There are 4 protein chains.
Amino acid sequence: AKAQARSYGQRGDIRGVYPPIATPFTCTEDVDFEKLVENVQKYGKMPLRGLVVQGSNGEFPYLTVEERVEVVRRVRQVLPKDKLVMAGSGCESTRATVQMTEQMARAGADAVLVVTPCFYRGRMDSRALVHHYTQVADSSPVPVVLYNVPANTGLDIPVDAVVTLSQHPNIVGLKESGGDVTRIALIVHKTRSQDFQVLAGSAGFLVAAYAVGAVGGVCALANVLGRQVCQLEELCLSGRWREARELQYRLIEPNNAVTRKFGVAALKQAMEWFGYHGGECRAPLRPLSEAEAQQLREDFSSNGWL
Amino acid sequence: AKAQARSYGQRGDIRGVYPPIATPFTCTEDVDFEKLVENVQKYGKMPLRGLVVQGSNGEFPYLTVEERVEVVRRVRQVLPKDKLVMAGSGCESTRATVQMTEQMARAGADAVLVVTPCFYRGRMDSRALVHHYTQVADSSPVPVVLYNVPANTGLDIPVDAVVTLSQHPNIVGLKESGGDVTRIALIVHKTRSQDFQVLAGSAGFLVAAYAVGAVGGVCALANVLGRQVCQLEELCLSGRWREARELQYRLIEPNNAVTRKFGVAALKQAMEWFGYHGGECRAPLRPLSEAEAQQLREDFSSNGWL
Amino acid sequence: AKAQARSYGQRGDIRGVYPPIATPFTCTEDVDFEKLVENVQKYGKMPLRGLVVQGSNGEFPYLTVEERVEVVRRVRQVLPKDKLVMAGSGCESTRATVQMTEQMARAGADAVLVVTPCFYRGRMDSRALVHHYTQVADSSPVPVVLYNVPANTGLDIPVDAVVTLSQHPNIVGLKESGGDVTRIALIVHKTRSQDFQVLAGSAGFLVAAYAVGAVGGVCALANVLGRQVCQLEELCLSGRWREARELQYRLIEPNNAVTRKFGVAALKQAMEWFGYHGGECRAPLRPLSEAEAQQLREDFSSNGWL
Amino acid sequence: AKAQARSYGQRGDIRGVYPPIATPFTCTEDVDFEKLVENVQKYGKMPLRGLVVQGSNGEFPYLTVEERVEVVRRVRQVLPKDKLVMAGSGCESTRATVQMTEQMARAGADAVLVVTPCFYRGRMDSRALVHHYTQVADSSPVPVVLYNVPANTGLDIPVDAVVTLSQHPNIVGLKESGGDVTRIALIVHKTRSQDFQVLAGSAGFLVAAYAVGAVGGVCALANVLGRQVCQLEELCLSGRWREARELQYRLIEPNNAVTRKFGVAALKQAMEWFGYHGGECRAPLRPLSEAEAQQLREDFSSNGWL
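Residues numbered from 1 in each chain as written. Chains lettered and ligands numbered in written order. Predicted model: local features only at pLDDT ≥ 70, side-chain atom pairs only at ≥ 80, totals over all residues. Heavy atoms only, no water.

A few points about the relation of the copies chain D and chain B
This is how it is decided: Copies overlap after least-squares fitting; the atoms used are the C-alpha atoms of residues with pLDDT of at least 70 in both. When checking whether two residues touch, look at their non-hydrogen atoms; a contact exists if any pair is within 4.5 Å.
Mapping chain D onto chain B calls for a screw motion: a turn of 180 degrees about the axis and a shift of 0.0 Å along it, with 0.0 Å RMSD after fitting. Those values place the two copies in the arrangement expected of a two-fold rotation axis. Taking the C-alpha atom as reference, chain D places Gly154 of chain D closest to the rotation axis, 3.5 Å from it. A shared binding surface is used by both copies, with 100% of the interface residues of chain D retained as interface residues in chain B.

Dropping the structure here:
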């Protein structure tokens, strides 16, 4: 019932759970489209709202412009029509982001996720970020979702910039990966009149985020435990908070392991264990050491997942 | 019913809301015991679980050993017996903390709140912190509550150290002020077999903390909006999450203002506006500038509190 | 005499001062090759060792692959043959860096400067960085210079990784922009047997860096006060430390202003004041506000430069 | 000649090298005055300018008020009259610092070293710090030296505050432990008209600091390698920079080892190896593990000191 009620019209409704999918590489570090397609087919059968393609877990900074677009095109071809493709189109410069956004839309993206430019982080204040996102949203053929991921960018979009940007008709939400739930609550509070949608950027604080008004999550862990993250969403939406909490507890350590503790290589390793194709990482990312793989396994098994 | 059900027996039950009370000073920067007593009398009439005396908001690092103990003694004299006094007894050295803990217990504290020593933060690893807290808890006449406040200490007690310490029979909980709700959930999860109690260290993330298993809060804002914070607790405990969330939203900006944005001077200024005695701060803390006071007022008024 | 004594043979000698040149843009944000060429002609007449093209001040993350290569090609065409072109060829992935390095060499670069990949900074440990730089250096047709700039990357190459990499026959030095002179001294100390060359990454600590064994500098300020930075080098090399110190003092505030305080927009503004073409920045970088420009001017004029 | 030329008159001349002495404890963690006295007698025979008593390496936050004063009194009794005693008198509150300063002066301190108060670091801006230090200097019977040690305090005194305070007749200098030599140079530059003296806070960047105008050092390593640090000073003062650099290199790793890498416990361990009394640390500081002690030894032996 819930899922059906969601319609992705003019002002895109982006509520729900999305795995930010990994990009499998072959042993020569080329994109392994075959494996990618098989993963997407599996995700297509789950109660996910859609897929984030080219989020941080997709190793997008390691892909060429052509690869980025082609991956999105292939995913869109395979994914059932009722699932959304949210494509990461952020680049460092505004003009490159504008162009990438157009290409992503042409490749079939339903929305774009635009990470904060960050190389000149000392100058990426509200003025610069509002200008950047406004330019991108003005020209984007599809709705724009802001993407705040301080662990990778060393930068937080200031709350006042988010509030300003929430008033843009083509900016529909924010993926907030920082884990500061007070900030999430404040953003929900200050953007209410705009029907602005906040997605938690991690499964680690999904229940807390729902408790303060988030409407979904982009969760690396959903690449591995997709049904469980969807179940967590369902428990929150139906007000079964006690059960939600119990499930939440068991997801934190596996989630930490595939994100900040061991990163993309761990996500890909865990995907192999759970029946997906992780494949190689592109260098300079290295595969896990034996000891790391052992700890990763322990983080899943001690919580009853392996 | 809830409050009555709580009993503070051998294994102290510390659930509930506590303001970490301010220490009013006279214009010559002496402790103003008269004003202190009047504040405590007002707090005594609210559905608070008790008071934290000598938390960070109490300017404890600015008090002499004698003043610290005397403030606790006076508060205990005035506060109704069914309210708990949780006294901050943390010092940099283990031996000073042990002694202060004993003095606090003698002065009537029901429990002690022990902040992490932090001057040599580079060496305050799990080994050092487990040793410190174990020594303190071994000799303390009253239950010990760990106190993690990275904004002041530049240090997080590692989760593994908290888990180890949760097994000590005289360590009953943790006040977590860092605002990382994933960490709070993980600590609740990993200490479940110990009946270890986690208190949120701020009103800013109280709903989220309850959602993941915290059982109370030590909230600076409760010095000013004590009834509202108690109401927030009640809404969480009774499962009225939607109402809780609405109230939560309106507390975030006032809370930020009296904590990280403007600090103790703002807390004391707001106390004056709401009918309490804030009094002066001790130097080197300075009173708010005109512009800061104006912003502080705006943070309350824009949320409907002034 | 000094400059002539330097020969750039098999094991490239990179000693000396380099401005990391700015990339002037037109008002439509296209590369303004005409202005670029005019700047380079001016720099060509100074006692600089060469130019760094596509350092952080060159807004390289905002250029396309084609633009990056073309800028290097044009600079090489115009710059006198006895001056070195050190081209920034760093990308996030190893494979892109390998390709860019080859393109830069073909475009005429005498050496490449390879910034640390940083998006997945949590995983960019010694193992990953040694692998990355080794791959790049193995295939590079020209000598490789490591580039550590934590203000932009949020990452420091570990000293042990630098020591390991210094043993590679095609890695000749390090541009260290972090400003930690103890680290610079330690790196010089631990790489002595390798004839590894350390360049200070800023004019702000050039004298201190020379005092502990650095052999040159890549200094944003040399875009504006090129002769003065060369004079500072000459004073250090000839042991006139007292005069060096006096000149050093007057360069710190202007240098801070065009780097961490106001960034590339300030560098370009100051270039205009001193007879060079700064041009526009590419978005999301914004031009200076009036107040910032005023402060920038003050930082130069109070030290006697304007 | 140099040493004799230094006179400590009205405007105290504090140039030279000082070890910030350790406080040896007995196995019951009491101050071991006997061992302290023996150490001081040895230091008294070296060409040190004096001793810093109660610096960070003296574990001052672990001492009671009475112990802090008594340690200074004993040191002054034993140390030859021509050596200075610079006593750490910093406390968190201004009033406690004022009182401690007076007690230190009465106990025989020639000058006081006042660390930045830091618990409320978010509010310790220029306004607060200028107020604090002005109050202390106004009432101090002896000259005041500012003490900036961000590794312990998480705080940097803003340069503008240092410049303002340098104009106070009773504030004669700054111990700068942060290691940012650009900052040191800038402070020397901006306080020149005040005859303000900057001391490097570590042996790791002593040569660089001298190169940009520092006039001495407070060096933990001088507790162990006192003659070598004095020799390093002499090489800098006599302009033998090449020799200075060579000696500097060999001191960096031992210095890092006894400071940020392993801290006070390592300093005390190394003191035992070099014929001094280190003694125990007070808890919560822990003794070195076997592995740490082994690494510490390696840091000395690989540089030819053991």
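Text resumes after the structure shown.
Looking at the packing of aromatic side chains
Formally: Note on ring pairs: Phe, Tyr and Trp rings are taken, using the six-membered ring of Trp, and paired if centres are within 6.5 Å. Classes follow the plane angle, with under 30 degrees stacked, over 60 edge-to-face and the rest tilted. Helix numbers and strand numbers start at the N terminus; a helix is a DSSP run of H or I with at least 4 residues, a strand a run of E with at least 2.
In total, this model carries 22 aromatic pairs over all chains according to the counting rule given. With a centroid separation of 5.3 Å and an interplanar angle of 70 degrees, the aromatic rings of Phe60 of chain B and Phe119 of chain D are classed as edge-to-face. Residue Phe60 of chain B is found in the loop between β3 (50–53) and α3 (65–78), and its partner Phe119 of chain D is found in the loop between β5 (111–115) and α5 (126–139); the two belong to separate chains. Put simply, the rings of Phe60 and Tyr62 of chain A together with Phe119 and Tyr120 of chain C pair up and form one aromatic cluster.

Looking at the relation of the copies chain C and chain A
With an RMSD of 0.0 Å, the operation that places chain C on chain A is a rotation of 180 degrees combined with a shift of 0.0 Å along the axis. Comparing contact sets, 100% of the residues at the interface of chain C also lie at the interface in chain A, consistent with an isologous, same-surface contact.

Quick notes on the interface of chain C and chain A
Our working definition: The term buried area refers to how much accessible surface (probe radius 1.4 Å) is lost by two components on association, counted for both of them together. What makes a salt bridge here is a side-chain nitrogen of Lys or Arg within 4 Å of a carboxyl oxygen of Asp or Glu, nothing more. Polar contacts, as counted here, are pairs of nitrogen or oxygen atoms within 3.5 Å of one another; within protein the pair requires one atom able to donate a hydrogen and one able to accept it, and residues that are adjacent in sequence qualify only if both atoms are side-chain atoms. Residues were grouped as follows: Ala, Val, Leu, Ile, Met, Phe, Trp, Tyr, Cys and Pro as nonpolar; Asp, Glu, Lys and Arg as charged; and all remaining residues, including Gly, as polar.
Facing 40 residues of chain C, the contacting portion of chain A comprises 40 residues. Summed over both partners, the interface of chain C with chain A buries about 3,400 Å², with 54% contributed by carbon and sulfur atoms. Together, Phe119, Tyr120 and Arg123 of chain C form the three largest contributors to the area buried by chain C at its contact with chain A, with a combined 23%. Scanning the region where chain C abuts chain A turns up 6 salt bridges. The shortest N-O distance in the salt bridge between Arg95 of chain A and Asp30 of chain C comes to 3.2 Å. Counting the contacts that link chain C with chain A gives 26 residue pairs in polar contact (both at pLDDT 80 or more). Contributing elements (two or more residues each) for the side of chain C that touches chain A: α4 (94–106), α5 (126–139) and α6 (150–153) of chain C. Among the elements that make up the side of chain C that touches chain A, the one with the highest residue count is α5 of chain C (4 residues). Tallied by class, residues from the side of chain C that touches chain A come to 16 nonpolar, 11 polar and 13 charged.

Let's talk about the pattern of salt bridges
We apply this condition: Only protein chains enter the accessibility calculation, which uses a 1.4 Å probe; a residue whose area is less than 20% of its type maximum is buried, one above 50% is exposed, and one in between is partly exposed.
For the structure on display, the rule yields 64 salt bridges over all chains. Residue Glu246 of chain C pairs with Arg192 of chain D through a salt bridge whose shortest N-O separation is 2.7 Å. Of this pair, Glu246 of chain C sits in helix α11 (residues 241–261) while Arg192 of chain D sits in the loop between α8 (181–190) and β8 (197–200), on two different chains. Classification of Glu246 of chain C as partly exposed rests on a relative accessible area of 32%. Connected through shared salt-bridge partners, Asp13, Arg15 and Arg49 of chain A make up one network.

Re the interface of chain D and chain B
Taken together, the contacts link 40 residues of chain D with 40 residues of chain B. Carbon and sulfur atoms supply 55% of the area buried between chain D and chain B, which totals about 3,400 Å² over both sides. When the area that chain D buries against chain B is broken down by residue, the three leading residues are Phe119, Tyr120 and Arg123 of chain D, summing to 23%. Joining chain D to chain B, the criterion identifies 26 residue pairs in polar contact (both at pLDDT 80 or more).

A short note on the side chain of Arg286 of chain B
Spelled out, the test is: For the purpose of charge, His is not counted, nor are the chain termini; Lys and Arg are scored as positive and Asp and Glu as negative.
Looking at the secondary structure, you find Arg286 of chain B in the loop between α12 (264–273) and α13 (290–301). Among buried Asp, Glu, Lys and Arg side chains, Arg286 of chain B stands out as unpaired, with Glu29 of chain B the closest opposite charge at 5.2 Å. Engagement of the side chain of Arg286 of chain B in a polar contact is seen with the side chain of His131 of chain D, the distance being 3.4 Å.

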